Amino acid sequence: MTKALLSVRNLRVEFPTRRGTLVAVDDVSFDVMPGEVLGVVGESGAGKSLTGTAIIGLIERPGRIGAGEIRLKGERIDDLPPERMRRIRGRRIGMVFQDPLTSLNPVYRIGDQLVETILTHTDTNNAAARRRALALLTEVGIPAPEARIDNYPHQFSGGMRQRVVLALALAANPELIIADEPTTALDVSVQAQIIALLKRLCRDHGTAVILITHDMGVIAETADRVAVMYAGRIVEIGVVREVIKSPLHPYTIGLMGSIPKPDVDTPRLTQIPGTMPRLTAIPAGCAFHPRCPRAFAPCAAERPNLTPHGSADVACWLFRPAASAAQVRG
Amino acid sequence: MLAFVVRRALQALLVMLVVALIAFTLFRFVGDPINQMVGLDTSIAERAQLREMLGLNDPVVVQFARFIWHALHLDFAISYQFKQPVVALIGERFPATIELAFVSALFALLVGIPMGVYTALHRGSWLSTVFLTVSLVGISLPVFLTGILLIFLFAVTLGVLPSFGRGEVVHLGFWTTGLLTASGLRAIVLPAVTLGLFQLTLIMRLVRSEMLEVLRTDYIKFARARGLSERAINFGHALRNTLVPVITIVGLQLGSVIAFAIITETVFQWPGMGLLFLIAVQNADIPVTAAYLLLVAAIFVAINLIVDLLYVAIDPRIRVEARGV
Amino acid sequence: MTGVDAEVPRLSITRRPSRVAAFFDHDLVYSFLHSRVTIVAALVTLAIVLAAVLAPWIAPHDPFDLRQLSLLDSHLPPAWAPDGDRRFLLGTDDQGRDVLSAILYGSRISLTVGLLSVALAAAVGIALGLVAGYVRGALDSIIMRAADVQLTFPAILIALLIDGTIRALGDARNEQTAFWVLVLSIGLSSWVQYARTVRGSTLVEKNKDYVLAAQLIGLDRTSILFRHVLPNVMGPVLVIATINLGLAIILEATLSFLGVGLPPTEPSLGTLISIGNKFLFAGEWWIAIFPGVTLAGLVLAVNLLGDWMRDALNPKLR
């Protein structure tokens, strides 16, 4: 079995406030294999972005990693001194954010920003770095790169800017890219292009991707496996085709049902009643139980852990052997 | 780009006209110019004759036009107090004020910007707390009080620096400078620090708040995610973006520095325009007051215009808008 | 209860907190009580304000009563110095006036001028801002052009100009009116910030539904402006006012120091400092330094309170 590229175990991200400690990512564990695309899907506030930010070590005060381990190729990276972690960023793990307009420094030309990144991680000179920058721009599909390399960010359209951002993230050839909602801020017509580009680039470079999004369509299109997050926890994780075709967790079922399918004649889209709980009021036991149509006795009492069921792992009492017995006993 | 410059120039002109109007109103209608010029024993007939000669009975618009004409030729008649041409009086004292203003601004920039950067990057350190406390005191102390305290400390108690005057000056053409003599340099220290302290405070706070704002942006986050060094992020990216608005505001401050020089010049008996203006106000010397106002307005307006154009040059985003692309 | 993470507190809302507890829990009060600096600043301001208000009753001497003054008492150092006199705790000036009493009365005047001028500036600024933002059109343009022109110049220049003009127009030595001339000068030199902010807020509020509703009911413009729009734009105004109070006090002190403010017969802290300045070189430091320290302390405290209020009211920093 191939060794995991990234291994996250029991990750907890918390925010101390004067009203108590809020837990935004609660005991999250998963692996990412080299070259695979892992989708992380869930509603806003489910903790997806924070998970990504924690992996690359950019959680801002007062947030902090409260517990857990993150390993890159077997070595721990969550407790590294700042300078060692900095060297991993960009070089081994890259990250791309949602809004390409605000991701680029407006007063510097994109060529300068590319060259700077290349020089930080590679031992070359300016001329060589500039050649590499041009090559990167070509690779991400910027037409006439020699002309555009000296442009400022605001001179590019949204889609072009995101391509530049991808070029910057890939400049040092990282092994893993964390893409946090890379297409949400883009026009629908451009989204597909960028996703296709991301897929192609990662395949060409052998880069693994953690694709964070709330858009199931993007996941279906791009990801190999998918993790479904709810209220800071992973409720289901498995191969994409399986999760979409036969979702296990009631929340995942609700999610799949709420996506309009053009070729299926559905009279009504599924609506999951209620909303995701706020961090200050996460229910005891299974966080989803107040909204779950199939909740029963153990759900409110104890939190279910991820257990394998078929090709997926699911955190639900419905799939635990002890559950059926308890259900009978009431 | 051209449209932008023209628009700004027109705005500047408007301001100048309004100020000219105010100055003219002062000149003509506040107090009686005739009474200021002649003695008590001049007869009424003679006064009326004088009034006619000076064109004081012409329509107001004509008088205003004449006023502007004279102003453009730098002719502001005679000072009521000193009985000398106003232009000569102001011209004589102009270099002193300008030198003081520039030295104090330089001091404020050279000390204020590093202090601001430090407090933004090292929040919570004891030195930052010291700097912030100093800045709070700097904002709370009126300029004259700073001057008095500095005089008390360095001139009265320690006796190391002079407390008044400009020291020896060197004449270079029509300019006089005190920066080329030892006594001149010693004399400018306390006034420059006094005038510069409140600027320093403003600059420091501005740099700090701008920098903190910049450090929170997405592009800084992305720069970190790319593994750029702290130095590259703080000084290459953050500082560069911080200085853009800071430079504009500092430029705009230069105008008020010239105004606050009035106070500093009073405390240190510095022979500049500000002191002249104050004495003029106290003694209702209208020609000097009006002339000073126009001059200072012209300086402010010019500075504003230059700063606006500079901003366009520095910030590439605005350059595109100005060009209308 | 195995498997449940017992260390992390999960909040379950069982009872609503009492009103008192809710008050202390409010962000504003919380940040106030937890900032020692702010508490100290508030206490200092309170102390000075109280002392100023109660000056006529707590001052040991009346520095303006010419009958009480004696030149024999003049130039006395503070009580703890070798030549000091215990009757005059902080010494006396060249006229024999008790410095402590002069400071108390001076603070009173400084504070009054400061508050009145801020009130004037706010009133003028709010009124003009509301009109400009609501009525728009030519009136708006005129007001904003005037604001632009005035903004080109620092407040001190404007204040000096207004002050000087009134002096030249009237009797320059009229000491009775000096107080009001000062309030007018400082007030009129600082209305612009209020006007601009209020205008901006008014422009925003104008399009909101509640204004539309009021218009539909048939309320006249003045009612809409003052009873409906005004309360919603007061927030930023308060912030500006706190900044401006410190500036107004400094401006008044400066004008008085320069000799175009309050005269020695009705001295504010600034006037006292200018009087004391003359004797600094003679070694009689107390005449200038004590009023100076009081002034600095007052402005510092006001600024700290203003800083705290701005931070507490700023939604971005919460």
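Along every chain, residues carry numbers that run from 1 in the direction the sequence is written. The naming scheme follows written order: chains are lettered A onward, ligands numbered 1 onward. Note on the predicted model: pLDDT of at least 70 is required for a residue's local features to be given, and 80 or more for side-chain atom pairs to be given and counted; whole-chain, interface and lining totals, by contrast, use all residues.

Looking only at helices and strands, one finds 13 helices and zero strands in chain C. By definition, any uninterrupted DSSP run of H or I lasting at least four residues is a helix, any uninterrupted run of E lasting at least two residues is a strand, and each is numbered from the N terminus. Starting at the N terminus, the α and β elements of chain C follow one another as α-α-α-α-α-α-α-α-α-α-α-α-α. Think of it as a crowd count around each C-beta: if 20 or more other C-beta atoms lie within 10 Å the residue is buried, if 12 or fewer it is exposed, and in between it is partly exposed, with C-beta placed from the backbone throughout. Within chain C, the fraction of its 318 residues that count as buried is 43%. Across chain C, every contact between residues at least 6 apart in sequence was considered, and the portion connecting residues at least 24 apart equals 69%. We call two residues in contact when the distance between their C-beta atoms, placed using the backbone, is within 7 Å.

Each helix and strand in chain A was counted, giving 13 helices and twelve strands. Taken over C-alpha atoms, the radius of gyration is set against a globule rule of 2.2 Å times the number of residues to the power 0.38. Relative to the 2.2 N^0.38 estimate, which gives 20 Å for 330 residues, the radius of gyration of chain A is 21 Å and therefore close to what a compact globule would have. Its C-alpha atoms put chain A at 75 × 50 × 45 Å along the principal axes. Considering chain A as a whole, with its 330 residues, one finds that 44% of them fall into the buried category. Look at the contacts in chain A between residues 6 or more apart in sequence, and 65% of them connect residues 24 or more apart.

What follows concerns the interface of chain C and chain B. Tallying the contact residues gives 34 residues for chain C and 34 residues for chain B. Here the side of chain C that touches chain B is composed, by residue class, of 24 nonpolar, nine polar and one charged. Under the scheme applied here, ten amino acids are nonpolar (Ala, Val, Leu, Ile, Met, Phe, Trp, Tyr, Cys and Pro), four are charged (Asp, Glu, Lys and Arg), and all others, including Gly, are polar.

On to the packing of helix H3 (residues 36-53) of chain C against helix H5 (residues 99-135) of chain C. Residue and element names in this part refer to chain C. It is at 8 Å that the axes of H3 and H5 come closest, and there the two elements cross at 105°. One way to sum up the angle between H3 and H5 is to call them roughly perpendicular. Here Ile48, Val49, Ala51, Ala52 and Val53 of H3 come into contact with H5, specifically with Leu104, Ser107, Arg108 and Leu111. Considered class by class, the residues forming the contact of H3 with H5 number seven nonpolar, one polar and one charged. Between N-to-C directions, angles cover 0 to 180 degrees, with each direction set by a line fitted to C-alpha atoms, over the stretch in contact for helices. Angle categories are assigned with fixed cut-offs, so that under 35 degrees is roughly parallel, over 145 is roughly antiparallel, 65 to 115 is roughly perpendicular, and the rest are oblique.

What follows concerns the pairing of strand S2 (residues 20-32) of chain A. All names here are of chain A. For two strands to be treated as a pair, DSSP must find at least two bridges joining them. Looking at chain direction, strand S1 (residues 6-17) and S2 are connected through nine bridges and run antiparallel. Bridging across to S2, Ser7 finds its partner in Asp31. Count of turn residues in the S1/S2 antiparallel hairpin: two residues.

As used here, a nonpolar core is made of buried Ala, Val, Leu, Ile, Met, Phe, Trp, Tyr and Cys residues. They are joined through C-beta atoms within 7 Å. If you look at the biggest cluster of nonpolar residues, it comprises 259 residues, and the most contacted ones within it are Ala167, Ile210, Leu211, Val228 and Ile234 of chain A together with Tyr292 and Leu294 of chain B. The element that contributes the greatest number of residues to this core is H5 of chain C, accounting for 17 residues.

This paragraph deals with the sheet that holds strand S4 (residues 64-72) of chain A. Residue and element names in this part refer to chain A. The strand order across the open sheet built from four strands is S2-S1-S4-S5, with neighbouring strands paired in antiparallel fashion. Strands with a single pairing partner mark the edges of an open sheet, and in this sheet they are S2 and strand S5 (75-76). The pairing of S1 with S4 spans seven bridges and is classified as antiparallel. Within S4, the position partnered with Val13 by the bridge is Ile65.

Bringing the environment of Leu101 of chain A into the picture now. Residues and elements named next belong to chain A. In this fold, Leu101 is placed in helix H3 (residues 100-103). Exposure remark for Leu101: the 16 C-beta atoms within 10 Å place this residue in the partly exposed category. In this structure, the C-alpha to C-alpha distance between Leu101 and Phe156, residues 55 residues apart in sequence, is 9.1 Å.

Another aspect to go through is the confidence of the model for chain C. Residue and element names in this part refer to chain C. Scored by pLDDT, chain C has a mean of 77; 82% of the residues are at 70 or more. Helix H1 (residues 19-25) is the least confidently modelled element of chain C, averaging 55 in pLDDT, while H5 averages 88, the highest of any element. Prediction confidence for the complex, expressed as pTM and ipTM, is 0.77 and 0.85 respectively. Per-residue confidence from the prediction method is given by pLDDT, with values spanning 0 to 100.

An α-helical turn contains 3.6 residues, so a residue and the one three or four places further along point in the same direction. Residues and elements named next belong to chain B. Among the eight residues of helix H9 (residues 218-225), six are classified as buried, and the element is accordingly described as predominantly covered. Taken together, the buried positions of H9 are Tyr219, Ile220, Phe222, Ala223, Arg224 and Ala225. Trailing H9 by a residue or two, Gly227 shows a phi angle of about 80°, which is positive.

Quick look at the pairing of strand S8 (residues 208-213) of chain A now. Residue and element names in this part refer to chain A. Counting buried residues along S8, six of its six residues qualify, which places the element largely inside the surrounding structure. Along S8, one buried face is formed by Ala208, Ile210 and Ile212 and the opposite face, lined by Val209, Leu211 and Thr213, is buried too. Direction of pairing for strand S7 (residues 176-180) relative to S8: parallel, over a ladder of five bridges. Residue pairing in the sheet places Asp180 in a bridge with Ile212 of S8. Once the chain exits S7 it traverses helix H8 (residues 188-205) before rejoining the sheet at S8, and the crossover so formed is right-handed. With its strands directed away from the observer, a crossover is right-handed exactly when the path from the first strand over the helix to the second travels clockwise.

The next subject is unusual backbone geometry. All names here are of chain A. For the bond running from Arg61 to Pro62, omega is 0°, close enough to zero to count as cis. Positive phi, close to 50°, is recorded for Asn10, a residue that is not glycine. Residue classification places Asn10 among the exposed residues on the basis of 11 C-beta atoms within 10 Å.

Glancing now at the sheet that holds strand S10 (residues 233-239) of chain A. Residue and element names in this part refer to chain A. Taking strand neighbours across the sheet as the criterion, the eight strands line up as S6-S7-S8-S3-S9-S10-S12-S11 in an open arrangement whose pairing is mixed. Edge positions in the sheet fall to strand S6 (93-96) and strand S11 (307-309), since each has one partner strand and no second. Sheet twist, expressed as the mean angle between neighbouring strand axes with direction ignored, is 20°. Pairing of S6 with S7, which is carried by four bridges, proceeds in the parallel orientation. Directly across from Met95, in S7, lies its bridge partner Ile178.

Okay, helix H10 (residues 209-217) of chain C next. Within H10 of chain C, only zero of the nine residues are buried, leaving the element largely exposed. Positioned one or two residues after H10 of chain C, Gly218 of chain C has a phi angle of 105°, which is positive.

On to the confidence of the model for chain A, then. The share of residues in chain A with pLDDT of 70 or more is 94%, and the mean pLDDT across the chain is 86. Here helix H13 (residues 321-329) of chain A stands out as the least confident element of chain A, with mean pLDDT 51; strand S3 (residues 37-41) of chain A is the most confident, with 93.

Turning our attention to the packing of helix H7 (residues 143-157) of chain B against helix H8 (residues 182-215) of chain B. Residue and element names in this part refer to chain B. For the pair H7 and H8, the least separation of the axes is 9 Å and the interaxial angle reads 140°. Both H7 and H8 take part in a crossing whose hand is right-handed. Counted together, Val143, Thr146, Gly147, Leu150, Ile151 and Phe154 of H7 and Leu190, Val193, Thr194, Leu195, Leu197 and Phe198 of H8 form the full contact between these two elements. Class assignment of the residues belonging to the contact of H7 with H8 gives a composition of nine nonpolar, three polar and no charged. In this scheme the crossing of two helices becomes right-handed for a clockwise turn of the near helix relative to the far one and left-handed for an anticlockwise turn of less than a right angle.

Next up on the list: the environment of Val44 of chain C. Residue and element names in this part refer to chain C. By the secondary structure assignment, Val44 is in helix H3. Val44 gets classed as partly exposed once you count the C-beta atoms within 10 Å, which come to 17. The residues contacting Val44, other than those within four sequence positions of it, are Gly297 and Ala301.

Glancing now at the environment of Thr222 of chain C. Among the structural elements, Thr222 of chain C can be located in helix H11 (residues 221-258). Taking the C-alpha atoms as reference points, Thr222 of chain C and Leu130 of chain C, separated by 92 residues in sequence, lie 9.8 Å from one another.

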